[in-house]
Amino acid sequence: MRQPPPPPPPPPPLSTSGSSAKVHLLRNSARLLNESIKAKKNNTNGNNNNNMNSNKNGYWWDVAHVTSRHYEQEQSTNKERRLTFRRIVKICVYMIFFCVVLTSAVVSKLSLFTMINAYKTIEQPKAYIIRWQVLLLIAMGIPYVLTFIHSVQLSIFFIKRSPPFFLTLWVHFVEACHTAGLSILVFRILPSIDNVTGLFILNGVCIIPAILNVFSSHRGLNQTMKILTLITDIATVLMQLCVCFIPSILPMKENITGRLQWQLPFALLLISFGYWESFTEIPLSKKRFFTWFHHGIGALKKSRPKIYVTASLLKLFVLISTAIYFLPEGIDRKMYLRIFDSIPIGFRDAATRRVLGGGIFDEHEDLFRITHEVYIPLVVQVLSSCVCYYTGRIACKVLMQSFGFSLPLTLSTLIAYIVLFFSQGFKSKKDIIALGHLFYLDKPQALGSKLVIISLIGFLLLWLSKMKITSHVWFPTTERLAVIYKLFVLPYYEPAIVEQNLLLNKRHKDETEMKDQIEPDLSLERKFPVPMIYVCATMWHETTSEMVQLLKSIFRLDSDQHARRTVQKNLRILDPDYYRFETHVLFDDAFEDDENGNRVPNRYVKQLVAAVNVAGAYVHGVEKVVEDPIKIPTPYGGRLVWLLPGKNRLIVHMKDKNAIRHKKRWSQVMYMYYLLSFKLLRRKQGGHNVSQHTTRLDTEFIGFSDFLRNLPDDKKIAAQNTFVLALDGDVDFKPEAVLLLVDRMRKNPKVAAACGRIHPTGDGPIVWYQQFEYAVGHWLQKAAEHKLGSVLCCPGCFSLFRGSSLMDDNVMRRYADKSTEASHYVQYDQGEDRWLTTLLLQQGYRVEYCAASDAFTHAPETFKEFFNQRRRWMPSTMANIMDLLKDTKHTTHVNENISKLYMFYQAVLFVSTILGPGTILLTIASALRTVFSTLTIAESYTISILPAIFYILICVKTKASTQISIGAIMTAIYALVMSMVLVATTAQILKSGFLDPSAVFLPTVAMIFIVTGVLHPNEMLNLLHGFLYLVTIPGGYLLLVTYALCNLHVVSWGTRETVEVVKTKKKKPGEKEVILPDPKKRRTTDVLNNMLWGNSNDGHRGFIHQMGDAIEQVFRPTAKRQEMLLQQIIDKLDRESGSQELRKFDDDNDGNSRDLLIVPGENDLHDNSSSNTTSTTSICNKSRNNMVNPYWSELPWLGSESIIGYLHTDEITFWQQILAKYLAPLDKDAEEERRISSDLISLRNNAGFAFFMVNAIWIILQFQCEYVSTKFTELMIDIGRPFGQQGTKVQLLGLLFMLFFASCMIIQFITMLLHRWGTFIEILASTKLFEKHRKYKLKPGSDIAGMTSQEVAEVLRELDIQLVVPPVGTAPKQSVTFQMEPIIKGGTEVHSPDYDENDDDDEIDDFEDVYIEPPIDYFDHPVVQEAADESRLRLL
């Protein structure tokens, strides 16, 4: 057998060669860098305070600011209203859970007694007793059947591990004993006693749990409390055992008493034996004697579904067998074969209500056939038990356990006793409570006056003992939205003892669980390691407003993280949602040559640098939020680093396409390897997101590769809790959206990625079309993928990826493969986000969708941008789905979330997508015949198909701009045609009636959309764009698909492409300008061609282009005022940087000269111009090294006084190696380019031909069916015959396709409902009720890390915390600052919460990987030496 390859060696740590002085020098460099930053800030603040005339706006008199009104809007936007609404909803849900659980538990108990009373009634035929027993068996067996179905589903699709043999035998033995005990209780004990005594006995099913509680260690308690707890535990055991003596106390027949004396304790012992697992998870399981139980519990958690496939069947068998065995005496068991025979009542006595049906119904009739009343208790019992169980589960999932689960279940038995006691009056002498004509309940008065008091006291004591045994249910120990196996031990419920089963089945607090109580963030141990989030955005040619959108989101994230860090550090509150983050913006093609041939950042980088403070002004309300960036030379270009106000870093990687491979996929490969392979694996022992306070480190599943499994534990934890937030350069989001995605990842370690709800923004009909399209796609398709299997695409604009999943085999490494075939260019580069998701799914991971996580991104606003974007997306989507379908066998084998049924569902959607254009043409042809009744079938088909053929020829023969222009014109024409189609379809529906398929299908689809929109109230306005979407369906599903397929060979990005201005260099003497002829130049004699298509030589645009422009202008939004305002702000910031040297002019003059008007002369202007020219010349003539002092680092718009930093040589080596292996610029091979171009055209021809042939066959088949059906009506289906209305005939093929499509819509609608319920539960769980009223004391006498009172107030207001200020007299007079600590039990020592003090105390580690001076071995590195050699050659 071939051995797996050994894991690669660990990455080298920081270089330690040389003496200790070298390490000291490196540390000093980092400290000097931070000190220089602080000194610069302090100097700036000091100058501002000392010189009131010097204003930060440039001039002392320039006091008016240009700010965006969006800042005022954003500052005034208060989340309190929305949060208050959520809290009100949560309070209502609390009450609903309490009432539903309490009512259903009481009703379940009383309906069970009703059925038992009918079962034990003597005055009825014996066959009726057997029937009542069968009904009881059905009520008790339904949970076992549901458990069997669920276990089979999990075993087939999810659970791969087989359980140990002896563990399987043990579980089967325990479950058989538990079921036998329940059967004895229900079919022998409860029918022999009254209902009140039955309620008394049902509280005694906790014998084994009570005994196990006695042996618990009671850690954390002092000696006195341990003794008291031990005494109460022993008392609870005695109270539980007292139930066994009830037969000796109650007056009964001797034969019944003797039988119950052994049956009752035996049944109670067997029932309580089934809950052993819940009470061996406490410290008892740590003792040597119970080691087997401890290991068995661990194995049982992983393979429980497979065990209960057979265990549930065994329980059914034991239940039925014991029920038959305990059949009342005198009843022949052969009567089971006659239960379906007609058996008359046979009793007339109506004096007593114990005679079922006597005197009310005809004695000669079968009671079970003449009335449905006999089945009401069964239905009520089944429904109430299910409602109680599932509602209680939901209450535990959303952390409403105490009030919505524990309290109602604890009170249910007491409420049932009160209902029996006071029904029909306390002094009523009746011994039964009549229910309808057939059923009754016993009253406590039947016991006699003396026994009533005794039973009441005993009932209360037994009820209190059950409360003590199940006291753990009052303290939640799991995270919000926990999976069921973390909440309950057994996967089923017991209808006979539903409340006792739920209380005893609730998983006991374990030491490995989080030890938080009702308020999790008051605990000082966290449940999960602190996540490290790398915010990675890719940029290229974004506009200013788009850049500002992204930077605003980053500033918000910085403020949120800073607030959480400050409160956690200074208030000593353990925030369960605390995180760390670092932002990386990767700028593609960021450099260009200036007129002197120097590589400088392009105008988009300059635009980004100015936009940083603009975005800060939106969030913080000041013009200057951050200082100038630190400039770092790198082997791939350059790096700009900002320190944000919250002490988090914003790092912009400027990529030079001459040094590194460009485009989005390679930027993603770049940050994946840099952040995950280099930074994460190189991190020192005990990285910053792994803490000693973390109590739950689940590293059992880290990944599928041997490399990940062999990592050290700290690296495993770091990799599993490191996340990459992939963003586009124009996305807008809130911190809450990121935290919701992190919650998704925490729930399941096999979740590799999670995506949020993407909202397109912009103006114009094209954007409106996309808003409806995105809404329907997320509402139905994304939700269906999430519930049925796994999401197939995590959009690159806003998705969270787990670091360990990306590091797994066949993911990150495969993602770095270079495209070598034509299909690779389509699948890999045109839709890189979908391909990355496909790789994760094929590796065995799950991808989820979180509808509550909202993000906003700019959408294309013109036909050109929209068509080019979908030209990339459509082929890539089809290629990745085909790849996944072809790999079905492997994917379903390794991925437990994807089944073959789910792959069949995707295949159905794939086929329907291919047939979409043909279906649109068929719909238009049918509408034409409805409107123009004189048209024949052939004529309507011809008129419908000819425009499509015309556009195919246009797409094949003309250039892209012409295709888009004609597509815009045809879309407008088709919109008019679709309006006609809607009118024709409405007329046809009114004419044909409700039996017409269109009359059923179209209103159903409309209602599905409306209901779906109503269930998404925040997005309901998107339904208004539904009409626009409907009339432009031919443009989206016919013309757009045609354009995408005909341009399959075009692999350029297509969007954000701008015409680069080529800066001509100065010609050398004697150099001649070479003019190349234009190969695409048209003949000037072609007058008709010029009129139609235009002449590119003179800039004339033809008629077709003018019509396309006219249509496009209709759909193009007007210029935005926001963009103009942003440009004004940026211009003002540029003027500020340019006037730094002029600020001191007023200070150098005396007071008398300040009022004089000084006009500079020509000499002054000439001198100024000369100085600028001289400075520029001096910059150009410096001796350059691109790794030491590159030319771009001294550009004034980057900050002339900003610091230049240097990388460590280990990082330079990393970039050198990865550039050589994966990211080197692609060499242009003319022969290879011709081959790829030829293969792409061939792929386009083959795919296009296959696609159009399939649609042609579909249209011809439909045409033939319609044509033949007019001649042979026997081939049509008369759908009106079942309704008595003959004559409504439809075609078989069309009906099948409509049913096919309708079934997909119904499946998506149902999954949408389930997903909306999950989203509601998620929002409910994340809403905190009494956070506003949480109070913290102020401890006088210490400083809060230099925070001012205003900063403290802002942070506390951010997190909704109310402070309790101590009396003034208790504070020392010299103390003016305070330290805050939470109110915890007096006398307890409060330890520091979980945070890295070295990271938060100061800014020393903010630039730990950047040095103000080159390291000692910096100039010896080959990359630095090579950069110096290149500079010398350039100067020569």
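Residue numbering note: each chain is counted from 1, following its sequence as written. Local features in a predicted model are, by the rule used here, given only for residues with pLDDT of at least 70; side-chain atom pairs are given and counted only at 80 or more, and totals for whole chains, interfaces and linings are based on all residues. As a rule here, side-chain values cover all heavy atoms of the structure and leave hydrogens and water aside.

Undergrad: Got a sec to walk through the overall build of the protein chain? Specific residues and values, please.
TA: Looking only at helices and strands, one finds 48 helices and 23 strands in the protein chain. Looking at the protein chain as a whole, 52% of its 1436 residues qualify as buried. Contact criterion: two residues are considered in contact whenever any of their non-hydrogen atoms come within 4.5 Å of each other. In the protein chain, of all internal contacts separated by at least 6 residues, the share reaching a separation of at least 24 is 81%. Carbon and sulfur atoms make up 61% of the accessible area of the protein chain, which amounts to about 68200 Å² in all. Helical segments are the DSSP runs of H or I of at least four residues, strand segments are the runs of E of at least two, and each set is numbered from the N terminus. Exposed residues in this analysis have more than 50% of their type's maximum accessible area, buried residues have under 20%, and partly exposed residues fall in between, with area computed by a 1.4 Å probe over protein chains only. The Shrake-Rupley method, run with a 1.4 Å probe sphere, supplies the accessible areas, and residue values consider only the shown protein chains as cover.

Undergrad: Which residues make up the packing of helix α24 (residues 765–788) against helix α45 (residues 1292–1326), and what values do they have?
TA: Where α24 contacts α45, the two axes come as close as 8 Å, and the packing angle between them is 75°. Taken together, the axes of α24 and α45 are roughly perpendicular relative to one another. Residues Trp-779, Leu-780, Gln-781, Ala-783, Ala-784, His-786, Lys-787 and Leu-788 of α24 pack against Met-1305, Ile-1307, Gln-1308, Phe-1309, Thr-1311, Met-1312, Leu-1314 and His-1315 of α45. Polarity classes work like this: nonpolar for Ala, Val, Leu, Ile, Met, Phe, Trp, Tyr, Cys and Pro, charged for Asp, Glu, Lys and Arg, and polar for all others, with Gly in that last group. Grouping the amino acids of the contact of α24 with α45 by side-chain chemistry returns 10 nonpolar, 5 polar and 1 charged. What counts as an axis is a line fitted to C-alpha atoms, over the stretch in contact for a helix, and the angles between N-to-C directions run from 0 to 180 degrees. We call two directions roughly parallel when the angle between them is under 35 degrees, roughly antiparallel when it is over 145, roughly perpendicular when it lies between 65 and 115, and oblique otherwise.

Undergrad: Which residues make up a nonpolar patch on the surface, and what values do they have?
TA: Patch definition: residues above 30% relative accessible area lacking any salt bridge, with like charges linked at up to 9 Å and the nonpolar side chains Val, Leu, Ile, Met, Phe, Trp and Tyr linked at up to 5 Å. The salt bridge criterion pairs a side-chain nitrogen of Lys or Arg with a carboxyl oxygen of Asp or Glu, the two atoms within 4 Å. Together, Met-225, Ile-227, Leu-228 and Ile-231 line one region of the surface with nonpolar side chains, adding up to about 370 Å² of accessible area. Position of Ile-227 among the secondary structure elements: in helix α8 (residues 223–242). Take Ile-227: its relative accessible area is 45%, and that puts it in the partly exposed class.

Undergrad: I'd love a proper account of unusual backbone geometry, names of residues and values included.
TA: For Leu-399, which is not glycine, the phi torsion reads 60° and is therefore positive. Within the fold, Leu-399 resides in the loop between α13 (376–397) and α14 (401–422). Judged by its relative accessible area of 29%, Leu-399 is partly exposed.

Undergrad: Hey, could you go over the nonpolar core for me, with residue numbers and the actual values?
TA: Counting residues in hydrophobic clusters, the biggest one holds 118 residues, and the most contacted among them are Trp-132, Phe-187, Ile-189, Ile-201 and Phe-405. If you tally residues by element for this core, the top one is helix α3 (residues 80–120), at 15 residues. The residues touching Phe-405, leaving out its near neighbours within four places in the chain, are Gly-392, Ala-395, Cys-396, Met-400, Val-473, Phe-488, Leu-502, Leu-503 and Lys-506. Nonpolar core, defined: a set of buried Ala, Val, Leu, Ile, Met, Phe, Trp, Tyr and Cys residues in which side-chain atoms within 4.5 Å join the residues together. Core analysis: the second largest hydrophobic core is formed by 78 residues, Leu-675, Leu-711, Phe-801 and Cys-1304 among them.

Undergrad: Account for the side chain of Gln-770, naming residues and giving values.
TA: Its place among the elements puts Gln-770 in helix α24. Excluding residues within four positions of it along the chain, Gln-770 makes contact with Pro-760, Ala-859, Pro-860, Phe-866, Gln-869 and Arg-870.

Undergrad: Break down the packing of aromatic side chains for me, with residues and values.
TA: For any pair of aromatic rings, geometry is given as the distance between the ring centres together with the angle between the planes. Two rings from Phe, Tyr or Trp (for Trp, the six-membered ring) form a pair when their centres are within 6.5 Å of each other. A pair whose planes differ by under 30 degrees is stacked, one over 60 is edge-to-face, and the rest are tilted. Per the counting criterion, the structure on display carries 46 aromatic pairs. Taking 5.7 Å as the distance between ring centres and 75° as the angle between the ring planes, the aromatic pair formed by Trp-170 and Trp-276 counts as edge-to-face. Here Trp-170, found in helix α5 (residues 165–189), pairs with Trp-276, found in the loop between α10 (254–273) and α11 (291–325); they are 106 residues apart in sequence, far enough to count as distant. Classification of Trp-276 as buried rests on a relative accessible area of 8%. Between Tyr-1418 and Phe-1419, the ring centres sit 5.8 Å apart and the planes meet at 85°, which makes this aromatic pair edge-to-face. Its relative accessible area of 0% is what places Tyr-1418 among the buried residues. When its relative accessible area of 45% is taken as the criterion, Phe-1419 is described as partly exposed.

Undergrad: Would you mind going over the pairing of strand β7 (residues 630–634) in detail, with residue names and values included?
TA: Along any regular strand, the residues point their side chains to alternate faces of the sheet. Most of β7 is tucked away, with 5 of its 5 residues classed as buried. Along β7, one buried face is formed by Ile-630, Ile-632 and Thr-634 and the opposite face, lined by Lys-631 and Pro-633, is buried too. Pairing between strands requires that DSSP locate at least two bridges from one strand to the other. Where β7 folds back onto strand β8 (residues 637–643) in an antiparallel hairpin, the turn is made up of 2 residues.

Undergrad: Let's hear about the pairing of β8: which residues, and what values?
TA: Burial runs high along β8: 7 of the 7 residues are buried. For β7 and β8, the ladder comprises 5 bridges, and the chain directions are antiparallel. Counterpart to Pro-633 in the pairing with β8 is Gly-638. Alignment of β8 against strand β9 (residues 649–655), held across 7 bridges, turns out to be antiparallel. In the strand pairing of β9, Leu-640 is matched with Val-652. Between β8 and β9, which pair antiparallel one after the other, the connecting turn spans 5 residues, and Lys-647 there sits at a positive phi close to 65°.

Undergrad: If you had to explain the sheet that holds β7 to someone new, which residues and values would you point to?
TA: With mixed pairing, the 10 strands of this open sheet are ordered in space as β7-β8-β9-β4-β3-β10-β13-β12-β14-β11. The strands lining the two open edges of the sheet, one partner per strand, are β7 and β11 (732–733). Where strand β4 (residues 580–587) meets β9, 5 bridges bridge the pair, whose relative direction is parallel. Bridge pairing links Leu-586 to His-653 in β9. Most of the contacts of helix α18 (residues 544–570) go to β4, to which it runs at about 165°, and overall it touches β3 (532–539), β4, β9, β10 (722–728), β11 and β14 (846–858). Relative to strand β12 (residues 751–761), α24 is tilted by about 155°, and along the sheet it contacts β12 and β14.

Undergrad: Give a description of the pattern of salt bridges that names residues and reports values.
TA: Within the structure shown, the criterion is met by 31 salt bridges. With a closest N to O distance of 2.8 Å, Arg-649 and Glu-582 form a salt bridge. On the criterion of sequence distance, the pair formed by Arg-649 in strand β9 and Glu-582 in strand β4 is long-range, its members being 67 residues apart. Residue classification places Arg-649 among the buried positions, given a relative accessible area of 7%. In this structure, the salt-bridge partner of Asp-817 is Arg-813, at a minimum N-O distance of 2.8 Å. Accessibility expressed as a relative area gives 40% for Arg-813, which makes it partly exposed. Through salt bridges with shared partners, a single ionic network connects Arg-744, Arg-846, Glu-848 and Glu-1322.

Undergrad: For the state of the cysteines, give the residues involved together with the corresponding values.
TA: When two cysteine sulfur atoms lie within 2.5 Å, the pair is treated as a disulfide. All chains considered together, the criterion is met by 0 disulfides. The cysteine Cys-793 is free of any disulfide, with Cys-794 supplying the nearest cysteine sulfur at 7.1 Å. Judged by relative accessible area, which is 11%, Cys-793 ranks as buried.

Undergrad: Outline the environment of Ala-719, supporting the account with residue identities and numerical values.
TA: Locating Ala-719 in the fold gives a position in helix α22 (residues 713–720). Residues contacting Ala-719, with those up to four places away along its chain left out, are Leu-680, Arg-802, Gly-803, Ser-804 and Met-807.

Undergrad: Quick rundown of the environment of Lys-301? Include the residues and the values.
TA: Its location among the elements puts Lys-301 in helix α11. The sequence separation of Lys-301 and Tyr-485 amounts to 184 residues, and the corresponding C-alpha distance is 7.6 Å.

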